[in-house]
Structure formats: C-alpha cells, structure tokens
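Each chain is listed here by its residues.
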Amino acid sequence: MPIDNNLAELAIKPFVIGRKAWLFSDTAKGATASAQIYSLVETAKANGQEPYTWLRHVLERLPHASSAEEYESLLPWSCSPEMPRQIETPSGRRWGSWIG
C-alpha cells in the first residue's frame, strides 16, 4: 500500500481547477452532463487512453453497436483507438473491421 495519495490527488486536480467555473452551471441537468463527461475523460486517462481520441472513437462507433460484445469493445480498458479489438458478431459481421 503506498504511503502517499499522489495518484488520487492527480486524478481530482481537473475538478479542483474547474470548480469555480462549475458554480455557474445553469441547471442540474447541465451539472450532471458535465460530471458524466469528466467521469468518461478520467476513466479513459486511468486506462491509458488519450481522452479526445478515445471519445471520438467511441462516439463514431456507438450508433452502430448492437450487442453486448460490441458495447464492451468500446470501453477504455477493452480497446485501443489506433488498433481496436475485432470481434465477430452473431450475424457474422466483424466488428471494427472497417476502422482505419
């Protein structure tokens, strides 16, 4: 067990820096949306992904996902935006095969 909490402090740093700006969220839905995006970004970072690249990768492919395996392949710990994991769907389609 580490003696310090540097990783935890580094993980919350973006929230601490931005908290004054977040005081001006107009609605509870806006605050919730911001929290969800920050959660996705920090999860991507924690799994070694570059957040913008990973989010773009996911948002481009999410509308085409139709099975649990396809959704799971988009999680930051399951894919690499440069070389996504290819899986074969029940319909025989190779998920991720069109990705360049």
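Since this is a predicted model, take the numbers as computed values, not measurements.

> I tried to follow the environment of threonine 27 on my own but got confused; where do I start?
The residue threonine 27 is located in the loop between helix H1 (6-22) and helix H2 (28-46) in this model. Classification of threonine 27 by relative accessible area gives partly exposed; the value is 45%. One polar contact links the side chain of threonine 27 to the main-chain amide nitrogen of glycine 30, over a distance of 2.9 Å.

> Quick question: what am I supposed to make of the nonpolar core here?
Considering soluble globular proteins, one finds that nonpolar side chains tend to be buried as a cluster. Judged by nonpolar contacts, Val41, Ala44, Trp54, Leu55, Val58, Leu74 and Cys79 together constitute the single largest core of seven residues. Among the elements that line this core, the one with the most residues is helix H3 (residues 51-61), at three residues. If we skip the residues at most four places from it in the chain, cysteine 79 touches Gln49, Trp54, His57, Ser73 and Leu74.

> What is the right way to read H2 from this model?
Helical geometry: 3.6 residues make up each α-helical turn, so side chains three or four residues apart lie on a common side. A rise of 1.5 Å per residue sets the reference length of H2, with its 19 residues, at 27 Å; its end C-alpha atoms lie 27 Å apart and thus fit the reference within 8%. Buried residues of H2: Val41, Glu42 and Ala44, and no others. End-on view of H2: buried residues confined to an arc of 155°, all on one side of the axis. With respect to the buried face of H2, the exposed residues turned more than 90 degrees away are Ala28, Lys29 and Ala46. Phi turns positive, to about 75°, at glycine 48, one or two residues after H2.

> Any chance you could explain the pattern of salt bridges here in plain terms?
When charged atoms on two side chains of opposite charge get close, those side chains can pair. For the coordinates displayed, the defined rule picks out three salt bridges. Notably, a salt bridge pairs lysine 45 with glutamate 42, separated by 3.3 Å at the nearest N-O pair. Separated by three residues within a single helix, lysine 45 and glutamate 42 lie in helix H2, roughly one turn from each other. Looking at lysine 45, the relative accessible area reads 43%, which means it is partly exposed. Among the residues examined, glutamate 42 registers a relative accessible area of 16% and is labelled buried. Here glutamate 60 and arginine 56 are joined by a salt bridge, their closest N and O atoms 2.9 Å apart. You can see glutamate 60 and its partner arginine 56 sitting in helix H3, four residues apart, about one turn around the helix. When its relative accessible area of 47% is taken as the criterion, arginine 56 is described as partly exposed. Beyond isolated ion pairs, a larger network of salt bridges with shared partners links Arg56, Glu60 and Arg61.

Reading the values: rules and limits
Residues numbered from 1 in each chain as written. Predicted model: local features only at pLDDT ≥ 70, side-chain atom pairs only at ≥ 80, totals over all residues. Heavy atoms only, no water. Helix = DSSP H or I, 4+ residues; strand = E, 2+ residues; numbered from the N terminus. Buried < 20%, exposed > 50% of the residue type's maximum accessible area, 1.4 Å probe, protein only. Polar contact = N/O pair within 3.5 Å; in protein donor to acceptor, adjacent residues only side chain to side chain. Core = buried A, V, L, I, M, F, W, Y, C linked by side-chain atoms within 4.5 Å. Contact = heavy atoms within 4.5 Å. Expected span 1.5 Å × (residues − 1). Arc of directions from axis to C-beta. Salt bridge = Lys/Arg side-chain N within 4 Å of Asp/Glu carboxyl O.

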